[in-house]
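Observations on the model geometry
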Amino acid sequence: MKQFIDFIPLLLFFIVFKIDPRIVEIGGHSLSVGGIYSATAMLIASSLVVYGILFFKQRKLEKSQWLTLVACLLFGSLTLAFHSETFLKWKAPVVNWLFALAFAGSHFIGDKLLIKRMMGHALTLPDPVWTRLNVAWIAFFLFCGAANLFVAFTYQSIWVDFKVFGSLGMTVLFLIAQGIYLSRHLHDTDPTTPKTKD
């Protein structure tokens, strides 16, 4: 669910981006709507609203949510300040690679792998399975970062579409694969089910 909450601002960003650029009058003020820069402003505003609501309801944000919000504010603000979409193109790769670094770092720092800290309250799995799962998340984030970077600077006409729907598609497919993998190992620690070979 946390993964999909992150897509709310992205979807709003996509909608505004697809609007044909135009000038609208609001309260006697001219406002540009449509295109990359107004979409970036929507991304910043909607991120503040979404994560602000989450913070108000939960009294906290997860570290991953703080990272996503800070990256959005940083790269979005630079995009608007310098009027260059290059900064925004780097947001997804950098965020994905920072997530990969966090998962990788948990192999060496702390007493639990990051994936176990996130999912350990809901699942009981053998340590080798947690390790493989953590490595899978590292590979996933590295791949997502590389894919976003490649598309953003190689296929500039579709990079926004890929940023939204490509990232969503990759996440859904990975979560399905993770679910299938976990279903093969849940019986490993279930005392009511006889163990069977994979």
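If you're wondering where the values come from, they're calculated on a predicted model, not measured in any experiment.

1. Comments concerning the overall build of the protein
Looking only at helices and strands, one finds nine helices and two strands in the protein. Across its three principal directions, the C-alpha atoms of the protein cover 70 × 40 × 30 Å. Taking all contacts inside the protein whose residues are at least 6 apart in sequence as the whole, residues at least 24 apart take part in 59%. As displayed, the protein has an accessible area near 11600 Å², and 70% of this comes from carbon and sulfur atoms. Counting 17 positive and 11 negative side-chain charges, the protein places the centres of these two groups 5 Å from one another.

2. With respect to the domain arrangement of the protein
Taken domain by domain, the protein holds domain 1 (1-82) and domain 2 (85-188). Computed over C-alpha atoms, the centres of domain 1 and domain 2 are 22 Å apart. Between domain 1 and domain 2, the contact holds 23 residues from the first and 22 residues from the second. Both sides of the domain 1 and domain 2 interface together cover about 2000 Å² of buried area, and 85% of this is carbon and sulfur.

3. Some remarks on the packing of aromatic side chains
Applying the stated criterion across every chain yields a total of 14 aromatic pairs. When the ring of Phe13 is compared with that of Phe17, the centres are 6.3 Å apart and the planes differ by 20°; the resulting orientation is stacked. On the criterion of helical spacing, the pair formed by Phe13 and Phe17 is a turn pair, its members being four residues apart in helix H2 (residues 7-18). Taking the relative accessible area as the measure of exposure, Phe17 reaches 24% and is therefore partly exposed.

4. Digging into the nonpolar core
Among the nonpolar cores identified, the biggest contains 25 residues, and Ile115, Trp130, Leu133 and Trp137 are the most heavily contacted of them. The greatest single-element share of this core, amounting to nine residues, is contributed by helix H8 (residues 127-154). Setting aside residues up to four positions removed in sequence, Trp130 forms contacts with Leu113, Ile115, Lys116, Met119, Gly120, Leu123 and Leu125. The next biggest cluster of nonpolar side chains, apart from the first, holds 16 residues, and it includes Ala39, Ile44, Leu88 and Val164.

5. Overview of the environment of Val151
Looking at the element boundaries, Val151 is found in helix H8. Taking C-alpha positions, Val151 is 10.0 Å from Gly166, a pair spaced 15 residues apart along the chain. For Val151, the contacting residues outside a window of four places in its chain are Gln156, Ile158, Trp159 and Phe162.

6. Section: the confidence of the model for the protein
For the protein, mean pLDDT is 87; residues scoring 70 or higher make up 91% of the total. Confidence over residues 189-198 falls short of pLDDT 50; this stretch has 10 contacts with residues more than four positions distant or in other chains.

7. Observations concerning the environment of Phe4
Looking at where Phe4 falls in the secondary structure, it is placed in helix H1 (residues 2-5). It is 26 Å that separates the C-alpha atoms of Phe4 and His107, two residues lying 103 residues apart in sequence. Ignoring any residue separated from it by four or fewer positions in sequence, one finds Phe4 in contact with Leu168, Val172 and Leu175.

Cut-offs used in this document
- Residues numbered from 1 in each chain as written.
- Predicted model: local features only at pLDDT ≥ 70, side-chain atom pairs only at ≥ 80, totals over all residues.
- Heavy atoms only, no water.
- Helix = DSSP H or I, 4+ residues; strand = E, 2+ residues; numbered from the N terminus.
- Contact = heavy atoms within 4.5 Å.
- Areas by Shrake-Rupley, 256 points an atom, 1.4 Å probe, with all protein chains shown as cover.
- Lys, Arg positive; Asp, Glu negative; His and termini not counted.
- Charge placed at Lys NZ, Arg CZ, Asp CG, Glu CD.
- Domains from an automatic or database assignment.
- Buried area = accessible area lost by both parts, 1.4 Å probe.
- Phe/Tyr/Trp six-rings, centres within 6.5 Å; stacked < 30°, edge-to-face > 60°.
- Buried < 20%, exposed > 50% of the residue type's maximum accessible area, 1.4 Å probe, protein only.
- Core = buried A, V, L, I, M, F, W, Y, C linked by side-chain atoms within 4.5 Å.
- pLDDT = per-residue confidence, 0-100.

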